[in-house]
Each structure stands twice: as structure tokens, then as C-alpha cells.
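The primary structure of each chain is shown beneath.
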Amino acid sequence: MSRVIINDIPVEVFKDATILEATKEMEDIYIPTLCHLNLESFNLEHRVGSCRVCMVEVEQGGRKRMMPACCTPIQEGMIVRTNTPEVIQIRRIVLELLLSDHPFTCLTCSKNLDCELQALAKQFGIEHLTYKGEQSTYPLDLSSRAIKRDLDKCIMCRRCETACNDIQTVGTLSGYKRGFMSVVAPAEMKSLKDTNCVFCGQCVNVCPTAALTEINYIKKVWGAINDPTKKVVVQVAPAVRVAIGEEFGLPPGSVATGKLVSGLKKLGFDAIFDTNFAADLTIMEEANELIERLTKNENLPILTSCCPGWVNFLEHQFPDLLAIPSTCKSPQQMFGAIAKTYYADKIGIKPENLTVVSIMPCLAKKYESARPEFIKNNVNDVDFVLTTRELAKMFKEAGINPINLPDENFDNPLGESSGAADLFGVTGGVIEAALRTAYEWVTKKELKDVVFTEARGLEGIKEATIDIDGTKINIAVTSGLGNARKILEKIQSGEAKYHAIEIMACPGGCIDGGGQPYIHGDTTIIEKRMKGLYSIDEKKQIKKSHENPYIQRLYKEFLGEPGSKKAHDVLHTHYYKK
Amino acid sequence: MERIKSFDDLKNRYNTLKALLALRDADEQVKIDVKSLKFTKEILVCAGTGCVSSESPKIVENLEKELKEKGFSDKIQVIKTGCFGFCEKGPIVLVHPDNVFYVEVKPEDAKEIVEEHIVKGNKIDRLLYEEPLVKKRVAKHSEMSFYKKQMRIALRNCGLINPENIEEYIATEGYQALGKCLTQLKPEDVIEIIKKSGLRGRGGGGFPTGLKWEATRKNAADEKFIICNADEGDPGAFMDRSVLEGDPCSVIESMTIAGYAIGAHYGYIYIRAEYPLAIHRLEIALKQSRDAGVLGKNIMGTGFDFDIELKYGAGAFVCGEETALIKSIEGKRGEPITKPPFPAQSGLWSKPTCVNNVETFANVPPIINKGPEWYSSIGKDASKGTKVFALAGKINNVGLVEVPMGITLREIIYDIGGGIRGGKAFKAVQTGGPSGGCITKENLDTPITYENLTSIGSMMGSGGMIVMDEETCIVDIAKFYLEFTNDESCGKCTPCRVGNKRLYELLNQISDGTAPEDVIEKLEVLGNTIKKASLCGLGQTSPNPVLSTIKFFRDEYEEHIKNKKCRAGVCKKLMQYTIIPEKCVGCTLCAKNCPTQCISGKVKEVHKIDQEKCIKCGVCYQKCKFGAVTLV
Amino acid sequence: MEKSNNNCQNVLAQEFYKKLDDYIQDLNIDLKDKRRKGNLIQVLHTAQHIFGYLPEEVQRHVARKLNLQHSEVSGVISFYNYFTTTPKGKNKISVCMGTACFVKGADKILEEFEKNLGIKAGQVTKDMEYSIDLVRCIGACGLAPVVTIGEKVYGRITKDDVKKILDEYKK
């Protein structure tokens, strides 16, 4: 422990704690920060000391200096002052400098009122810039379907670099150039579509301004809803329902499914369906595939493939492993495929007159919906993808506050789902759902205890051996692409002895997807969303995918059985080297 | 040369090899029977970058040719040495044992040198240095005003030995300091010696070297590193280059000693890519040292391993900052990191690392050999020993000088430097490069110490000293340095990245005549913020040129701002182009070429420039054949 | 004719890649070694020396050979002044803008070169014969102002010398 004095208050602090950490528990002491980001639940801290907003005065050995609170370790005998007039003036000038190199277009900015820089400007009461001059500007990048790069708004916090290189290990971004014009960009300032970006959107999640945001499809969706020639249906991913409430003041993790459905009805969609239905469908096909491979002892381990960010990662960086992911499409795409065939048929309209919109916690889904193999005769299986954040904007634009609406149910025949499906939104959920079905199919016995705790929790890599009535299955669960890389390298080197691996690109799974409401570094929100999903599963009567009556009907009426030729045509896909 | 198997073996070699330098022993310190030597005369030719660019290799070639033709090659040898320091008067040729110092030698002079001096024994007067004030020719360089007040410790071997021959280094007692450390001293003892000597970092920081070594030693680790900072990015500084070109083995020996002291077995020399000759000499020295067994495995049979690798910079001034340098060696962008952790705790590859400057290293062997008391007896207050300065700018004797700390700026500029070129008035001397400040004539008698220079608003820096005369615009100088730091800023932290840009823009407004009334206050507030809030030394010192020039030349700033006048005649936008009526013949050439049509006048009549419309492009000035357009 | 020219270029390019690969081979880099990136800058120096500049395909090649991301390589190249992604002229003119040279009028020397060649600093002449770059202090301050063309150093240059020097190269 070290004894220090902070704002005239003597404190004892753990050795090596930073000044910022030391003051977190102290009442009335607040140090503003900007580039600093602590993702505690994932044991990741981004502290580079580059914004210089958190400066404090430190007196040591009779010498006074200004030091950044977020990365200066406490030392015995330090005297820290966090709000002298000089400290305040320095912070203010630093902030003014940042603002002087930033566009003044808050009114039409997608992060208006949700921007960390704007919040600081308001907090400091900046009403005038002492120093004005040239601004660093760059070409806008709208080349991908998922991520918008507006580098004029970059404040060089470097969080996206940490997210992309250290957490996700994708390596698309790097500091580029030097000095005033330095920026964070892909190699040679390329457009995102020409890089190895997987569109996981973790960079968007951590960006404090609107330098990195999603490409917005709200206008297109309104267009479809208003188009009298089209029937517009919407599917909603599991992770959305435990996060959308946050945009309207509900505590994190609140389950708002019924209100969400109600709100979507009010927006004017013709039918409100549930991606969970397709998740159950995915389990039918994937469990079948798992059992097939286990029986033949071929192409193991099987890797889940519902996450397009992770599939992209594999195609770019591990093309030698293209044979092992499951050939199942993701639930989003399975839904689209079924909607444009089975459902379109049922309601008697042509696929080109049916518009499928999906509400996703994810940015890679925007890219996925445009993959050529998911487009038939110029008709996309999934037409538009909106993130949870975009949906909230759409509600607000339409004057709808879902909180005030009564609960309603999803429509059928694509709206019923088991508790296993809800788990798709969290790391470990897919494999847990698959195990519930695989267990009963293999053993032909009832699975009494459906909860696989070994697969649950936010740790980046979980490994376990599951006993399926005597047969031992080695599973692994990873979330975050950095962890996926570790497992994939083990497979490449032959070290891995797994049978089935679930991989999700986003740390914690879809609940922390690139399209979810911003957590601004508070990872306890992720934990609460996780608990929200588990509570939905707990409350549901049907907990296993294969027990979903509408899924059974779908097979009876349309697909035949899992792994049938029809199922293959509609519900399976292939991958290619990028 | 055969591998040296032990310290005793080294000492024996020294006894045999010291004869190599016998002829050059101008102070007759070592008594050698010259009759027993192979050569009767030696002609030393400076082969530092400056003289090489002035064709000194051709001088060597021609001398060797002449000597061969006359049949003297057996008795007279030509030696390429490192920099003598008197760059203004290069190329330098020094004939021994006569101790005659020739300046501004051309390749054609080789013939005369051989025929007149070598054969006939006559000094060639026209090639001797002439003291400007007394108009007297001087043959012995120790009697020259340029050299009299110098004390060469770091540069002791530059101009004395052939840097491409390790035997000559050994002949100067080279590697004996290392031998002593490895066989007679414990690592802690070595650190104590350096601490006692008072040696401080010569790269600019002035941090006590002994303490740095001690701190690195204290951190236990399975691997540690020594790094020599040879990035020398300060424009106008060429001290390190000269040491590396003229005496590379001293740095190698010193790094090995440092390795022994802190417990490292590997070192890197991070050297600018812009120093190809220094790189070449280092590569030779490293190979020869390894072959001689004084570098690499089992040094001098003591069982201590230490080896050194060269790493090239790639044109980034910020990589002179130790954490940025480390990042560069790791193959990354040279962006500094916050300290703590200091490199002594976590440096290269997260291991304890000690980064020292070339000149700092060059001082170590003499300190070990002659003892710390000898070193600390030189200098003043807490600034012990000597410092190498690179004198440049509007001074008569441009070159490299090494002087004891405590000498005054006046002595350096006027006694050693020979005063201001062209007899113009002294305006200021800039020390510390882009991190330093300007010193005015009021402070010329300040004894040079780290603390004194900082207290008068500048700093020691790496040793660059640029002298300015009345024709220099002080705002322009501040702008020049800001342009440099803007270019070289890594861009990581806000105050340096954006703040320095705004500082530069404000200075531009001053030189354009568009600055607001309160611009000086704005500069001071912003400058102080950048100093206090920047992440690394580059940002923390980049406002110094502005702040120090405002402090000492406020009136010149105010003249620019309030009166829109530049007294040195440099800031073009504050000048006016006018036509001298007496010289104008009315040829209309200026009016025809004026892009804004602001020149009026009929053919054969005096023309006039409308100042309101004039954009000060200067075309009329360029076109006028009669010199009738002038800038005031 | 064009086809054979292209073939010539391809053969040249192949030769260059072989030279680079031989150099990298000699470095004996373990592609799993966390410290392998420490080789990047010297590999880039060598690549630039061989190819004359570092176009995208050379960057990707280096990234592959060292098992690094293209973005890492590109980010490093863009940071350091020495590296260029566009070709320079056959005769690379570097005008030193260090303090000592500046104080002795280097900016006027630069203007003179720019005027004579019709290009600005950072550009290359259309015939690719000359390029002008600014350099920050090469340490020959005793000879200020200094200009280097290729490896040759010209010291104490005056405005009038510029044309004379360029004439040397025009021959």
C-alpha cells in the first residue's frame, strides 16, 4: 500500500494503482478522461495517455509536474491535486485544441448527444475556441455495407487500433502518417471493402466520436415500409431484446421482447418474426451435422458458423481451415432463405415482392446480407439490416416509446422459439443449444438438466468435456477474435483435441455486438444483458430446439428432414479464401 | 590481428603497437626512439563527412600517387583520420612529426605538399591557417585560437588515429578500460566510478549517467539491453557523427563496459540512415573488434559475452527520444510512451534497458582509465567534464569544438569561433536545437552548465550552437523551429499534434501581418500548456524557441505585430516592394508581368506600385533589369 | 515490342524479388517469434534500395515474408521520412533544411532548384530524371548550405552554383 495525499485528503492506495484508479472510489473527486477505456470484464485496458485530458498536478520530491491520471502509477509520498486553476486551464486548452481540429457539425452528426467529445465540451462549458486554424480532413469511406469511416472526426484516441489489433487481432487498422495529419486507417488509406476487415464492429463500439459508425439503412427501411407493392417482414435477433430497453431508460439487461414486438408493429411492418425461430432451425441442421461428423470421425472439430464476422476472419486469415466450419448458414440467413421460399409461398407472393429486414446487434450482418451466395436471381434473402441502435433511432423518429406499449407476441409461422434459441445471443449459447439437441438425438434419452454451465460466462476461452451418456465430447467456446486465433492456431498445429468449437467474433458474444447500444466502457452492462438472456431461457416452457412445434412443421411441410437435399439447398452454404 | 586472449595479452599488444602513433605524439608524452620506426613521416588527412565532401579522398589518392612516384611509399604513409573539428577550414592535412597543420587543401596541392614539404622540408605558407585578427600564419594547431581553449576528451582520438584500424585504437590504450573493468572491478564498482565522475547524459537530458546505469542494474531480469542513441536528429548537430566516424571503437568499448555494469549481454547502436560513412566505419570497427576478441563471446578470455548490432533509423527526429527509439528498434512507429515505466524497468522487448548518447559513451573509457576524480575536477558546479559543441551559423570558425564545462559563451563564440562572419552584429545564439532557446548578448558571459542554460531560457541540448546575426529575423527563426517540430511530431498526443500546429499558425500570422493584438499572450499561454501537457520531450520542449525569443526579443515581435515591420528584412509580407524613381527607366516590364496589374506608369516614365493591390509576389523584383525595384 | 518490354520489366521485377527474398532468408526469421517485427525497418531499407521505392505489392510481399499485417507495414512506412511509396527521380536531389543550412540561406537554394527543374520539393520531373526532397540535417554543417544528389555531397552552395551542378547531370 502507498500513502498519498489527493486534494488534501490522505489516502492509502494499492501499489501500482494509477491516480485515476485511486480517485475512483473517492467522493467528489472527478477526473475527466477521454481516450482511456477499461473493459474490466474482459481484462482489457486501453491506456495510452494520448488525449491529455486527464492531466492532474503531481508534486513529488518538491517538484510539481502535470501528469496524466490514467497512466501515472501512485508512488509513496505523492501529493496530487486534481482541480487547481492551472490544472483546469490546461485541461480546457487541451479540449479546445481537440475541438479546433474537429468538424462543427454536431447537429447533423449520428453521435449527436451520444458523443464523448461533445459531452466533455458541454461539461467544461466551452463556448468559444481560443485557437482556431486548419483542420485535418480525409476522404469519407462508405465503401463497405457495414462501417462508415469519417476520419475528420477522429481524435486519435487509438481505441479502435487496440480493439482491432490487440483484442480482435484482425490487424486492419494502424496509425498512419505522422504529426498533424496522422490518423488511424487501413494500409495505404484504403477503403474498408478492400481490406481484411471482418466488420465485427468492435472499433465502432469503442469509438468516442462519430469517426467510426454504422452505415445507416433507416431511410431504406422506411422506403420499403411505404412501398405499397412490397410486403415487409422483420426478424429480431436474441441479443436485441435485452439491450433495446437501455435506449429508452430501462436498466441494462431488461427483457423488453413484448414491447419491442409492439413497437415494430407500430412502425408498420407487415409481420414481426423472430430470428430465434431460425436459430432453432440452425440447431436442427448443425446438430445433425455434428453427429454425422462425430460418427464418421471426419472434419473435426466442427466450428459454428453463425457469426459472419468470424467467418470472414477465417476466410481471410485461416483459409487452410475452410473445410471445418459447419456448412449451416447463420440464423439471419436461414430466416431470409425460408422467408423468401416457404413463407412467400404460404402467403402467395413472389420473393421479389417480399422485403426482409433484420434487427441485429451486429455490423457484420450488414455485410453478410450482401454476400453473393445469399442472393438469388437478384433477390437478397435478407434485404436490409438495422442495428439495435438504428432501430431505437427509428422508434424515436416515429415518436414511439416501446416502454409505454403493451406486450405483444411474435407472429407465426416464423415466430416461435425455444429457450435454447435465446442463448444464441451470448457466448456459449450456440453450443449449449446444440448440445441440448445432440444429446437427445444421440442418446435417444431425455436431457433433464438443460443448463450447461461449462459453456456459460464471459471468459474469452472456455474448455470442457461433455459426457453424452458415455461418449466424451471435447468442446471449446471462444469469444473475441483474439481468442479465436489462439484456438485456430492450436487446430493448425494439431494440438487441439476438440470435437466442437463455438466461435463468436465479439467479446462476450452478440450481446456486445458492434450494433448494440454504447456501453462507454461499462462492461457490467454486458454481464446484465447476459443474465437477461439466461432468464428468458429459464422462463420458457420449450427449452430445446427440436421441440419447437413450428420447426417440426417446417420440416414436415417443406424441408423433409435435417440434412435433406432440400435442407442443403436452402439452409447450407460454402466458404472461400479471401 | 590475432585474437586477444587476456587483459595481460592486451597490455602487451599495447606496448608493441604504441609505436604506431609515435610520430603523431605532438605532446611527446611517450618516449619512443623514432629511428626504430618503420615510417619517418606521416601525413594525416581528415576523412570526416565534411572533408570527404570536399574531396579529401582525392587528396589521399594524389598524395599516395606522388609518394609512390618519388619512391617514398615505404617511408611515408598517408593516414585517413576522423574529424579534426575545424570544418570551416577543411580539408585538413596534418604532417607529423613536424606537426604542421594545413587548411583548405585541394587535391591539386598534393604535388606541392610532397615536393616542397616532404622532399625539401619547407612549410607551404599559403596552406597554413591565418589568424584573422593578427594576420599571422600558424603551423601548430595547438597554438590556434580555435584549438587553444579546447580540451578534447570525447574527441580525443578524432584526427589522431585511423578509425578503420583497430590497432591504432589499441595504441591509444584502447580497450584497457574494458579490461580493467572485467578483471579488476565488480559491476557495482564500475557504476560507482561513473557516479563519482559526475558524468551526465550528453544527448540533452543531462541525467546522471551513473544513476541510470544503477537503476537498470537494480531491475532483475533474464535479459537486459544497452542502447547507444546515435540518432542525432538536432539540425546543426554533428558531434555524434564525428565521434562515430573518427573513433568508433571508443563507443564499442564503452557499451561493453556499460553492459558489464548493468548485466546486459547485447547492445544496439541506433544510427540515422543519413550517416552512411559513420555506419561504414562502425561496421568495420565491429568486425575488427570481434576478430580481436574484445567483442562477442568470451571477451579477452574473461568469460563475459557482449555483442552489438546496428539498427538504422529512417528519418524521424522523434526517434531520438528513448522510448520512441526503442519502439523503432522493435520495428514499430516511433511513438513515445508515457513514463513510468522507464526503460530501466521496462524497455526494449519489455526488458530493462539503458539508453545513452554517443558522446556520453565516448567519455567512459578515459574516466575508467584516469579515474573519476580527474574527470570531476574538470567543469563547473554540477556539470563535470567537457562538452562537444557544433558551432554553426554566422560564425567565422564553423566546426566542432570540445570545451570544459563552465567556459562562457563569449569565449566559445569569439575566442574559439572567431567572431561573427562578415563583421556583422551578434544577435543571438541558439543552443539545444529545436528544444532550446535563444541566448542574447546580455547572457554571453554565463558559464555553460546544464543548470545555467536552463535558467536563462535555453538548454544544453545535444550541443548544437547556431549563431545568428542582425540579418536574422527572430520571428522567422521561431517559425523555422516550429515548422521542424510540426513535421517531426509523431502525432500521438493532443498538445503537440494540434497545439504546435496552432503555434505555427499564430507565428505565420505574425510574419504575415495578420496577427491579432493579443497574439503574444496567446502564444505564451498555448506554449506553456504544450510544455506542461505533452507526452514526451519533443512536445515538452517544442515551444522553447518561441517562448525564449518572446522573452528576449519581445520588442522585435511587437514591431512585427503592431508596426507590421520586420527589421531584418526577412518577412516578405511585411515588406513593401517599391520602385526607386532614380533607377526606373519606364520600360514597363514590371507592369506587364504584374499578376494583379497594380503597377501604373507610362512608357519612359517612372512607374509606381499600388501597395493596396500588391500581393508581394516579387515578380517585378525578379523581372526588373535595372534594379529599380527594391524591398523595404 | 511492347510485350518484350513487359517481359523485360517482369524479369527485372523477378530479379528484384529474388534479391529481397535472399536477404530476408539470410536473416533467419522465425515467423512465430514475437520479436520478428524488429527486422521490419532494415528489410524495408533493403527493399527500397532494390526497388527504388515501396509500392503496395512490395509492401504486401514484405508483410507476408515477415508474417505481419499489411496495415502494420504500411503504418511504419508512412511514419518514417526515408521511405517512399512513389518512385523518385534517377537523380535524387536532397536539399538540407537543417538550422545551420537554413541560416545560410538553404531556402533560396531550394527555390533555385525548383525554378530550374519546374517541380516543387516532394515531386519528380516528368521524365523521372530528377526529384527534389527536403532533408533535415545530414551533419555536414561545416559546409552549409548543403545539397546531396544521390550519394554526392555538395557544400557551400550558392544560387549560381545550382545551374552549374544541374548541368553536370544533364550531360
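Above this text you will find the structure in question.
The paragraphs below set out a description of the structure included in this document. (Residues numbered from 1 in each chain as written. Chains lettered and ligands numbered in written order. Predicted model: local features only at pLDDT ≥ 70, side-chain atom pairs only at ≥ 80, totals over all residues. Heavy atoms only, no water.)

A closer look at the packing of helix H2 (residues 85–100) of chain A against helix H19 (residues 494–512) of chain B
For the pair H2 of chain A and H19 of chain B, interaxial distance at closest approach is 9 Å and the crossing angle is 70°. Relative to H19 of chain B, the element H2 of chain A is oriented roughly perpendicular. Where H2 of chain A crosses over H19 of chain B, the two elements pack in a sense that is left-handed. For the pair H2 of chain A and H19 of chain B, contact is made by Val94, Leu97, Leu98 and Ser100 of chain A and by Thr494, Pro495, Arg497, Val498, Gly499 and Arg502 of chain B, respectively. Here the residues of the contact of H2 of chain A with H19 of chain B sort into five nonpolar, three polar and two charged. (Axes fitted to C-alpha atoms, helices over the stretch in contact; angles between N-to-C directions. Helix = DSSP H or I, 4+ residues; strand = E, 2+ residues; numbered from the N terminus. Parallel < 35°, antiparallel > 145°, perpendicular 65-115°, else oblique. Left-handed = near helix turned anticlockwise from the far one by under 90°. Contact = heavy atoms within 4.5 Å. Nonpolar A, V, L, I, M, F, W, Y, C, P; charged D, E, K, R; others polar.)

Some thoughts on the pattern of salt bridges
Applying the stated rule across the entire model yields 99 salt bridges over all chains. A salt bridge links Glu440 of chain A to Lys544 of chain A; the shortest N-O distance between them is 2.5 Å. Of this pair, Glu440 of chain A sits in helix H15 (residues 429–443) while Lys544 of chain A is found in the loop between helix H17 (524–539) and helix H18 (549–559), placing the two residues 104 residues apart along the sequence. On the accessibility criterion, Glu440 of chain A (11% relative accessible area) is buried. Overall, the relative accessible area of 5% leaves Lys544 of chain A in the buried class. For Glu72 of chain C, the salt bridge identified is with Lys37 of chain C, shortest N-O distance 3.1 Å. (Salt bridge = Lys/Arg side-chain N within 4 Å of Asp/Glu carboxyl O. Buried < 20%, exposed > 50% of the residue type's maximum accessible area, 1.4 Å probe, protein only.)

Some remarks on the interface of chain B and chain C
Many descriptions give the size of an interface as the accessible area lost when the pieces come together. In this assembly, 53 residues from chain B lie in contact with 33 residues from chain C. Taken together, the two surfaces of chain B and chain C that pack against each other cover about 3,500 Å², and 59% of this comes from carbon and sulfur. Remark: the boundary between chain B and chain C carries one salt bridge. Close ionic contact of Glu223 of chain B with Arg35 of chain C constitutes a salt bridge, the shortest N to O distance being 2.8 Å. Linking chain B to chain C there are 13 residue pairs in polar contact (both at pLDDT 80 or more). Put simply, the parts of the chain that give the side of chain B that touches chain C at least two residues each are helix H2 (49–53), strand E9 (307–312), helix H13 (322–329), strand E13 (386–393), strand E17 (464–469) and helix H18 (474–488) of chain B. Ranked by the residues each element gives to the side of chain B that touches chain C, the list is headed by H18 of chain B, at eight residues. Here the residues of the side of chain B that touches chain C sort into 24 nonpolar, eleven polar and 18 charged. (Buried area = accessible area lost by both parts, 1.4 Å probe. Polar contact = N/O pair within 3.5 Å; in protein donor to acceptor, adjacent residues only side chain to side chain.)

Examining the sheet that holds strand E14 (residues 399–404) of chain B
All names here are of chain B. One open sheet holds the five strands; their spatial order is E14-E13-E17-E15-E16, and the pairing between them is mixed. Where the open sheet ends on each side, the last strands, each with one partner, are E14 and strand E16 (437–439). With strand direction ignored, the average angle separating the axes of adjacent strands in the sheet is 30°. With four bridges connecting them, E13 and E17 associate as parallel partners. Along E17, the bridge assignment pairs Ala390 with Gly464. (Pairing = 2+ DSSP bridges.)

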